[in-house]
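Chain by chain, the residues run as shown.
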Amino acid sequence: MEHKPQPSFFARLVQRFLPPNYQALPPEEQRKIYLTAQFGFFIGVIGLSYSPVYIAFGIPLIGGLTAFTGIGCLASIWFLKRGGSIFVAASCILLFIDFLIVALVYLIDGDKSMIWTFTPIVPVVGILLISRRAGLIWSGIVLAQFAAIWVSGLFGVVYQNILPIGFLPYFPILVVPTTTIILVMVALFFERNREIGRAHV
């Protein structure tokens, strides 16, 4: 007798954020809801995990902003569980991420900040969670934000860097791998959900 494989621990946690009528929804809507829940939960966990690291290094402001983003993403998928629309939940997740990126850019070197590395996450996820149009709109938003801060630097605005000197050598370890992990994970979530969708056709 063939046994159905058990969902992973991560999948079981994500399933707690699915709406009660999830199984009755059309396959494409199921796929987008599950992808949104996966991504929102993943970012929520990352935000809440990184927060104590920043606090331990004496940067409570960034720790608080990171925790706020994590909680906001978890609240967004809780809203999804309560029957909220995919568009609103996914848009809120992107707003929280974008808010964190802009806040960190302002606090860490402004126009010269390494935080700009995170910028592609927002429009790429917008395409996958919502639509191509949403991704293009978010592309315009993040590029406008970058242009505004870059131009302000050209006109002599000097941005601070609140990171302690001792933390600076370790900061790239948090930025570059995290960007790579987030983009790879959302692509894996998308591909896995597409495979499951094809299996049910």
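Calculation rules
Residues numbered from 1 in each chain as written. Predicted model: local features only at pLDDT ≥ 70, side-chain atom pairs only at ≥ 80, totals over all residues. Heavy atoms only, no water. Patch = residues over 30% accessible without salt bridge, like charges linked within 9 Å, V, L, I, M, F, W, Y side chains within 5 Å. Areas by Shrake-Rupley, 256 points an atom, 1.4 Å probe, with all protein chains shown as cover. Salt bridge = Lys/Arg side-chain N within 4 Å of Asp/Glu carboxyl O. Helix = DSSP H or I, 4+ residues; strand = E, 2+ residues; numbered from the N terminus. Buried < 20%, exposed > 50% of the residue type's maximum accessible area, 1.4 Å probe, protein only. Expected span 1.5 Å × (residues − 1). Phe/Tyr/Trp six-rings, centres within 6.5 Å; stacked < 30°, edge-to-face > 60°.

## Let's talk about a nonpolar patch on the surface
- A cluster of nonpolar side chains, Phe146, Trp150, Val151, Leu154 and Phe155, forms an exposed patch at the surface whose accessible area comes to about 550 Å².
- With respect to the element layout, leucine 154 can be found in helix α6 (residues 132-154).
- We classify leucine 154 as exposed; its relative accessible area is 57%.

## A look at helix α4 (residues 86-107)
- Relative to the 32 Å expected for 22 residues at 1.5 Å per residue, α4 spans 32 Å between its end C-alpha atoms, a close match to the ideal helical length.
- Trailing α4 by a residue or two, aspartate 109 shows a phi angle of about 75°, which is positive.

## So, the packing of aromatic side chains
- Applying the stated rule across the entire model yields ten aromatic pairs.
- Between the aromatic rings of tyrosine 106 and tyrosine 159, the centroid separation amounts to 6.0 Å while the plane-to-plane angle is 85°, which identifies the pairing as edge-to-face. Of the two residues, tyrosine 106 is situated in helix α4 and tyrosine 159 in the loop between α6 and α7 (171-199); the sequence distance between them amounts to 53 residues.
- In this structure tyrosine 106 comes out as partly exposed when scored by relative accessible area, which is 48%.
- The exposure class assigned to tyrosine 159 is buried, which follows from its relative accessible area of 16%.
- Taken together, a centroid distance of 6.0 Å and an interplanar angle of 50° make the contact between phenylalanine 167 and phenylalanine 171 tilted.
- A relative accessible area of 2% places phenylalanine 167 in the buried class.

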